[in-house]
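# Coordinate inspection notes
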Amino acid sequence: MNKKVILILLIGIIALATILRLWKLGEVPISPDWDEVALGYNAYSIMQTGRDEYGKLFPVILRSFDDYKPAFYTYFTIPSIAIFDLTVFSVRFPSAVFGVMTVFAIYFLIKELFRKEEIALLSSFLLAISPWHIQFSRIAFESNVGLSFNVFSVLFFIKGLKKPWFLVFSAFFMAINLYIYQSEKVFAPILLLAMIIIFRKELFSIPKKYIFLAAIAGLLISIPIVSYTITDKNALGRAKGVSVFSETTNLLEENAKKLIEDQKNNDTLGLLFDNRRIAFAKSVVSGYVSHFDLNWLFITGDIARHHAPNMGLLYLFELPFLLIGIYCLIFGNFDKKTKFLVLAWFLIAPIPASVTSGVPHAVRTLNFLPTFQIFTAIGILFALQKISNIKYKISNIQIKYFIYSFCFLFFMFNFLYYLNQYFVQQNYFNAKDWQYGYAQIIPEIHKIESNYSKIVVSNQEPMDQSYMFFLFYLKYSPLLYQAENKDVSGGFAENHVFGQYEFRPINWEKEEKNGKILYVGRLQDFPKSTKKIKEALYPNGELAIQLTVY
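Report follows, based on the coordinates. Quick caveat, the model's predicted, so the values are computed rather than measured. (Residues numbered from 1 in each chain as written. Predicted model: local features only at pLDDT ≥ 70, side-chain atom pairs only at ≥ 80, totals over all residues. Heavy atoms only, no water.)

As a further point, take the nonpolar core. Core analysis: the biggest nonpolar cluster contains 129 residues, and Leu109, Phe114, Trp132, Phe470, Phe498 and Val520 have the highest contact counts within it. If you tally residues by element for this core, the top one is helix 4 (residues 88–114), at 12 residues. Sequence-distant contacts of Leu109, defined by excluding residues within four places in its chain, comprise Val151, Val154, Leu155, Ile158 and Trp345. Core analysis: the next-biggest nonpolar cluster, separate from the first, contains 19 residues, Leu126, Ala308, Ile380 and Phe423 among them. (Core = buried A, V, L, I, M, F, W, Y, C linked by side-chain atoms within 4.5 Å. Buried < 20%, exposed > 50% of the residue type's maximum accessible area, 1.4 Å probe, protein only. Helix = DSSP H or I, 4+ residues; strand = E, 2+ residues; numbered from the N terminus. Contact = heavy atoms within 4.5 Å.)

In structure tokens form, the structure reads like this:
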């Protein structure tokens, strides 16, 4: 394959990746979720005041919803907000850009590892059209940027084995990744350790000054976040909140029942295995293994915001080639260290999610990519090689052409079905999951807010964290909001107040019977007899949000 053809193919892949990630970016998915508007408003606040919504000066960690998440995605969003204003597009734009950059970087990483243009181009193409990768490249989720930084780090590490000054860049991206997403605090160090072990001979033959510089750069960058994580009790609040070890009530209650039965039956083995340590270990192992469930990967996915409707995270056409590719990588004629690195990456990816609840989880295991694409690319190339050698004919037509045609048609059906499910059906079927309605109703409220002394907004599901949507769409002054909410905890169940707006549960029977108060809520918040002033409807015609007065 000559260089001109390779360049044309690579440009085509990047163009396709760009279109799939930028087309209707602010419209599909149909609405931002609460995390997206929180990231956007905090970026807007930092851009204007240097402080987040709670007045923290240039925070490394965002307190948002008392989630205490790494703040760097917020900083990546500031330039796009400065250019495009505070919009859904501007908040999602950095994720889309990093998504395209990852597709580009994967080509060079796979080329470095396998020294085969075909595997590099095909892996890059498969990532460009990956439902899993597109899903998180088109929303403001920090995990997508974390994946990008992992790819950059590994690429520069591999290149650094030949040109040692690249190791500093590898250390830079690895260390910065700790500020991007919670899972990277586990995944990135383990992946680094794996690379050091696998490439120890090449690494330690490099002049020590380069290793020292890389280590110093990595340590200096990571010390603040490591120190904060160790010393601030709130730093791991999110990790504790989703950890299986925090959900002890049901687990230990069931375990206690088993122990009582074991004691009654004098079951020595039961007493040995039915203890809480074994129960926690089983829960972690079960969480880890759940991420290799083919049904989850190819058919169902997890929650609606993590995949297109009626689809998994990978294409069905990839399944046979994925299995073939894993076999070929393990037993095929590939460099042993390349095998170890790809397999280590694949096996490390589920570790951060395995100790959390709600598994399998597509966001916390986004680092599975690009291993699935590598396996599939190897499997496709192996299959093409074998099929090309088939000499059998049917009606004087070689059977291999029937196989090629079937595979191409199945691929096109899968791909076109995905495009329809994601860009068309998703907005219709998943609008409620995306907390739809605020973009439609808030401008209407803004027009009439001067007619009312107070506006009460529900904060009950699916209007959770409604205050942040109002801050976002009203572009409420960050300076004013910070002054009004100095003592707010920011907790998930917090009732918020700013300006004439109150965000709390609506109890219609106990509300003030005052025509100067506007109520904004769900269908179930109001009796059927109440008069609707305005309403926002889901695409299927159901009520999303309504405005009511007494």
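Two numbers describe a pair of aromatic rings. These are the distance of the centres and the angle of the planes. Scanning the entire structure with this criterion turns up 66 aromatic pairs. Here Phe470 and Phe503 contribute two aromatic rings whose centre-to-centre distance is 5.3 Å and whose plane-to-plane angle is 65°, an arrangement assigned as edge-to-face. On the criterion of sequence distance, the pair formed by Phe470 in helix 23 (residues 466–474) and Phe503 in strand 7 (residues 501–503) is long-range, its members being 33 residues apart. With respect to class, Phe470 is no different from Phe503; both count as buried. Seen in terms of ring centroids, Tyr501 and Phe503 are 6.2 Å apart; in terms of plane orientation they differ by 15°. Their pairing is stacked. (Phe/Tyr/Trp six-rings, centres within 6.5 Å; stacked < 30°, edge-to-face > 60°.)

Take helix 9 (residues 184–198) next. Along its 15 residues, helix 9 runs 20 Å from first to last C-alpha, staying within 8% of the 21 Å computed at 1.5 Å per residue. If you check which residues of helix 9 are buried, you get Glu184, Lys185, Phe187, Ala188, Leu191, Ala194, Met195 and Ile198. (Expected span 1.5 Å × (residues − 1).)

Take the packing of helix 20 (residues 371–388) against helix 21 (residues 399–429) next. With their axes 9 Å apart at the nearest point, helix 20 and helix 21 run at an angle of 155° to one another. With respect to each other, helix 20 and helix 21 are oriented roughly antiparallel. For the pair helix 20 and helix 21, contact is made by Leu384, Ile387 and Ser388 and by Lys400, Ile403 and Tyr404, respectively. Across the contact of helix 20 with helix 21, the residue classes break down as 4 nonpolar, 1 polar and 1 charged. (Axes fitted to C-alpha atoms, helices over the stretch in contact; angles between N-to-C directions. Parallel < 35°, antiparallel > 145°, perpendicular 65-115°, else oblique. Nonpolar A, V, L, I, M, F, W, Y, C, P; charged D, E, K, R; others polar.)

We now examine unusual backbone geometry. For the bond running from Leu369 to Pro370, omega is 10°, close enough to zero to count as cis. With respect to the element layout, Pro370 can be found in the loop between helix 19 (351–354) and helix 20. For the bond running from Glu461 to Pro462, omega is 5°, close enough to zero to count as cis. Within the secondary structure, Pro462 is located in the loop between strand 5 (454–457) and helix 23. A positive phi is found at Lys24, a non-glycine position, where the angle reads about 50°. Inspection of the secondary structure assignment puts Lys24 in the loop between helix 1 (3–22) and helix 2 (34–49). Here Lys24 falls in the partly exposed class, since its relative accessible area comes to 39%.

Whenever strands of a sheet pair, they do so through backbone hydrogen bonds, lying parallel or antiparallel. If you walk across this open sheet you meet the 6 strands as 6-7-5-8-10-9, and the pairing is mixed. At either margin of the open sheet sits one strand with a lone partner, and together these are strand 6 (496–498) and strand 9 (532–537). Put simply, the sheet's adjacent strands are angled 15° from each other on average, direction ignored. Here strand 5 runs beside strand 7; their pairing, made up of 3 bridges, is parallel. When the sheet's bridge partners are listed, Val457 is paired in strand 7 with Phe503. (Pairing = 2+ DSSP bridges.)

Over its 14 residues, helix 15 (residues 276–289) extends 20 Å from the first C-alpha to the last, a length consistent with the 20 Å expected when each residue adds 1.5 Å. Three or more residues of helix 15 are buried, namely Ala279, Phe280, Val284 and Gly287. On an axial view of helix 15, the arc spanned by its buried residues comes to 135°, and they lie on one face. In helix 15, the exposed residues that point more than 90 degrees away from the buried face are Lys282 and Val285. (Arc of directions from axis to C-beta.)

Turning our attention to the state of the cysteines. What we call a disulfide is simply a covalent bond connecting the sulfur atoms of a pair of cysteines. Counted according to the given criterion, the structure contains 0 disulfides. Here Cys407 is not disulfide-linked; the sulfur of Cys328 is the nearest cysteine sulfur, at 15 Å. Judged by its relative accessible area of 31%, Cys407 is partly exposed. (Disulfide = S-S within 2.5 Å.)

On to the pattern of salt bridges. When their charged atoms lie close together, side chains carrying opposite charge are able to pair. This structure, assessed with the given rule, holds 18 salt bridges. Note that Glu112 and Lys159 form a salt bridge whose closest N and O atoms lie 3.2 Å from each other. Here the residue Glu112 occupies a position in helix 4, and Lys159 occupies one in helix 7 (residues 142–160), the gap between them amounting to 47 residues. The class for Glu112 is buried, based on a relative accessible area of 17%. A salt bridge links Glu502 to Arg504; the shortest N-O distance between them is 3.1 Å. Linked by salt bridges that have partners in common, Lys454, Glu502, Arg504, Glu511 and Glu512 make up one network. (Salt bridge = Lys/Arg side-chain N within 4 Å of Asp/Glu carboxyl O.)

A few words now on the packing of helix 5 (residues 117–128) against helix 20. The N-to-C vectors of helix 5 and helix 20 enclose an angle of 125°; their axes lie 8 Å apart at closest approach. Here helix 20 runs oblique to helix 5, going by the angle between their axes. Once helix 5 is placed against helix 20, the crossing between them reads as right-handed. Note on element contacts: helix 20 touches helix 5 through Gln373, Ile374, Thr376, Ala377, Ile378, Ile380 and Leu381, opposite Glu118, Ile119, Leu122, Ser123, Leu126 and Leu127. Residue composition of the contact of helix 5 with helix 20, by class: 9 nonpolar, 3 polar and 1 charged. (Left-handed = near helix turned anticlockwise from the far one by under 90°.)

Here we come to the pairing of strand 5. Of the two faces of strand 5, both are covered, the one formed by Lys454 and Val456 as well as the one formed by Ile455 and Val457. As judged from the 4 bridges shared by strand 5 and strand 8 (residues 517–521), these two strands associate in the parallel manner. Bridging from a neighbouring strand, Ile455 pairs with Leu518 of strand 8.

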